[in-house]
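# Observations on the three-dimensional arrangement
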Amino acid sequence: MKKVALVIGVVIVLLAGFLALPSNYYLRQALIHLQPKIDQYPIFDNRLIVAAEPTPWPVADGYNRLSLPEDVLPGFEQFETVAYVVIQDGKLLFEEYWDGYSAQSHSNSFSMAKSIVSLAIGCAIDDGFIESVDQPVRDFYPEFAEYNGKTLTIRHLLTMSAGVDFQEAYTSPFSPTTKLYYGNDLQQVTFDMKMVEEPGVNFVYQSGVTQLLTFIVEAATGEPISDYVSRRLWTPMGAEETAVWSLDKKDGIEKAYCCFNSNARDFARFGQLMLNEGRWGIWQLVSADYMKEAMTPDRSLIYKEYDTPNTVYGFQFWKLSFEGMRVMYMRGILGQYVLAIPDRNAVIVRLGRKRSEERTSQHYPMDIDLWLSTGMRVLDAAEKLAGSGDNGE
């Protein structure tokens, strides 16, 4: 028994020493906090994305005159929905919140933030800080130059076809994804990536690639991406609440592949920007040409996970077809979605703690069908209500 106790004691001491190493800060945090959650931004240092000119959404005549159909509520509960918002014709039509959340509650966007980084790239091109999406990455970071003679470009980063060795794994405490999320040195994780195959061939989803795009935005503009997004997008779109972007450490770098924290109403503004092809009111915030390309999958790429042509991913934006309608969307790992439906001139936002593990034939999480079909029913019911003349006035 004494020998067993001694062995256990030695193991504990060695483990404690291992975890105490500065390089294992991320692992200590992962063991404390476990899987990422939608309300974790207070455990990180953060930088503000200031909403300098708040402009509330106009309210539709039939605003919240409807209730969600009873038969969809079990699904909303199953996936632990905290917010559901429907915008049509640029007006707030419906919103509902659960579990103590409200129109002002912050929730992590997770990988929806990747689309925001893409928009920042578009703005930087419009502002002349970046030449084009085909500018070589080596102009900013020479360590990412070429593979077998093929130059790595910003386009390859935007389309997730960079050919780097970043392993996207959310369940392993030792993965670079965990190091990005819980670590305090984004630069080390990002610049540890190596080019291992020819860029521009395979679509492989990699958060480290988006983080590299963030470094490019900051190198090109000379300011943190939070400040740039606040000035070029968040404030001009009239966001009602100041958002927060989590950092790797105090005064550090934004975890920009994820961790943009805001509320459903303000996330919906990105959906409206998608519908308007980069325009907000009289202002063209992102060029229409960039927006069109960003929301159009590059079919020349192979979706490596499924060994099929890429029909689903553009410049950090997703695309699907639902009931014959084109839907462009942003998505995050726990079921965060901004869905833009041009045929209905509508935006649907869903925030929550879970999503379906099953995929459709178009390779998207199956719960998206629930949020879209419910939204269609809300829109149909609102049109019927308006047609009856009972608009609540």
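Structure's up top.
Along each chain, residues carry numbers from 1 onward, in the same order as the chain's sequence is written. With pLDDT at 70 or above as the cut-off, local features in this predicted model cover only qualifying residues; side-chain atom pairs require 80 or more to be listed or tallied, and sums for whole chains, interfaces and linings still use all residues. Calculation of side-chain values draws on the structure's entire complement of heavy atoms; hydrogens and water are dropped beforehand.

Turning to the overall build of the chain, a few remarks are in order. In terms of helices and strands, the chain carries 12 helices and 17 strands. The C-alpha extent of the chain, read off along each of the three principal axes, is 80 × 60 × 45 Å. Residue contacts are defined here by distance: any two heavy atoms, one from each residue, within 4.5 Å place the two residues in contact. Considering only contacts in the chain between residues 6 or more positions apart, those separated by 24 or more positions represent 70%. Surface accessibility follows the Shrake-Rupley procedure with a 1.4 Å probe radius. Residue values consider only the protein chains on display as shielding. Only carbon and sulfur atoms are counted for the fraction: they give 53% of the accessible area of the chain, which is about 16800 Å². Here the chain contributes 35 positively and 50 negatively charged side chains, and the mean placements of these two sets differ by 5 Å. Runs of H or I in DSSP of at least four residues are treated as helices and runs of E of at least two as strands, each being numbered from the N terminus. The charge count treats Lys and Arg as positive and Asp and Glu as negative. His and the chain ends do not count. To locate a charge, take atom NZ for lysine, CZ for arginine, CG for aspartate or CD for glutamate.

Further remarks concern helix α10 (residues 264-275). Multiplying one less than the number of residues by 1.5 Å gives the expected span of a helix. For α10, built from 12 residues, the straight-helix expectation of 16 Å at 1.5 Å per residue is met to within 8% by its first-to-last C-alpha distance of 17 Å. Partly exposed residues are those whose accessible area sits between 20% and 50% of the maximum for their type, while under 20% is buried and over 50% is exposed, using a 1.4 Å probe and protein chains only. The element α10 is extensively covered by neighbouring structure, given that 12 of its 12 residues are classed as buried. Taken together, the buried positions of α10 are occupied by A264, R265, D266, F267, A268, R269, F270, G271, Q272, L273, M274 and L275. Looking one or two places after α10, you find E277, whose phi comes out positive at around 50°.

This part takes up the sheet that holds strand β2 (residues 81-88). In short, DSSP must find at least two bridges between two strands for them to pair. The sheet built from 6 strands is open, its strands ordered β3-β2-β17-β16-β15-β14 with antiparallel pairing. The open sheet has two edge strands with one neighbour each: β3 (91-97) and β14 (318-322). The sheet shows a mean angle of 20° between the axes of neighbouring strands, direction not considered. In terms of strand pairing, β14 meets strand β15 (residues 325-332) through 5 bridges, oriented antiparallel. Of the residues in β15, the one forming a bridge with K319 is M328. Orientation is described by axes fitted as lines to C-alpha atoms, over the contacting stretch for helices, and by angles from 0 to 180 degrees between their N-to-C directions. Along the sheet, α10 makes contact with β2, β3, β15, β16 (336-341) and β17 (346-352), crossing β17 at roughly 145°.

Our next topic: the sheet that holds strand β7 (residues 202-203). With respect to topology, 3 strands assemble into an open sheet ordered β7-β12-β13, the strand pairing being mixed. On the outer flanks of this sheet lie β7 and β13 (308-309), each paired with one strand and no other. Taken together, the 2 bridges between β7 and strand β12 (residues 302-303) define a ladder with parallel strand orientation. Each residue of the ladder has a partner; that of N202, found in β12, is I302.

A few words now on the pairing of β17. Most of β17 sits out of view: 7 of its 7 residues are buried. Across 7 bridges, the pairing between β2 and β17 is antiparallel. In the sheet register, T81 faces β17, and the bridge partner there is G352. Inspection of the sheet shows β16 paired to β17 by 5 bridges, in the antiparallel sense. Of the residues in β17, the one forming a bridge with Y337 is R350. Linking two consecutive strands that pair antiparallel, namely β16 and β17, is a turn of 4 residues; a positive phi of about 45° is found at N345 within it.

Another point: the pattern of salt bridges. Whenever a carboxyl oxygen of Asp or Glu lies within 4 Å of a side-chain nitrogen of Lys or Arg, that contact is scored as a salt bridge. The final tally for this structure, using the stated rule, is 18 salt bridges. The salt bridge partner of D134 is R155, with a shortest N-O separation of 2.7 Å. Taken together, the residues span a long stretch of sequence, with D134 in the loop between α4 (112-126) and β5 (146-147) and R155 in helix α5 (residues 154-158) at a distance of 21 residues. The exposure class assigned to D134 is partly exposed, which follows from its relative accessible area of 40%. Here E197 and K304 are joined by a salt bridge, their closest N and O atoms 3.0 Å apart. A residue pair is termed long-range when its members are at least 10 positions apart, and E197 in the loop between α7 (186-191) and β7 and K304 in the loop between β12 and β13 qualify at 107 residues.

Quick look at the state of the cysteines now. Two cysteines joined by a covalent bond between their sulfur atoms form a disulfide. Two cysteine sulfurs form what is called a disulfide whenever their separation falls within 2.5 Å. Enumeration according to the criterion identifies 1 disulfide in this entry. The disulfide partner of C258 is C259, and the S-S distance across this bridge is 2.0 Å. Between C258 and C259 the sulfur-sulfur dihedral comes to about -50°; the bridge is accordingly left-handed. Residue C259 is classed as buried on the basis of its relative accessible area of 1%.

Within the fold, L372 resides in helix α12 (residues 367-387). Given the relative accessible area of 0%, L372 is considered buried. Sequence-wise, L372 and V82 are 290 residues apart; in three dimensions their C-alpha atoms are separated by 16 Å. Among residues more than four places away in sequence, those in contact with L372 are L320, F322, V327, L339, I341 and I348.

Moving on, we come to the side chain of E95. Within the element layout of this structure, E95 appears in strand β3. With relative accessibility at 8%, the residue E95 sits in the buried group. Here a polar contact is taken to be a pair of N or O atoms separated by no more than 3.5 Å, where protein atoms must pair a possible hydrogen donor with a possible acceptor and residues adjacent in sequence count only if both atoms sit in side chains. Within polar-contact distance, the side chain of E95 engages the side chain of Y63 at 2.5 Å. Here R265 takes part through its side chain, which lies 2.7 Å from a polar atom of the side chain of E95. Among all residues touching E95, those that are not within four sequence positions of it are Y63, N64, Y84, V85, A103 and R265.

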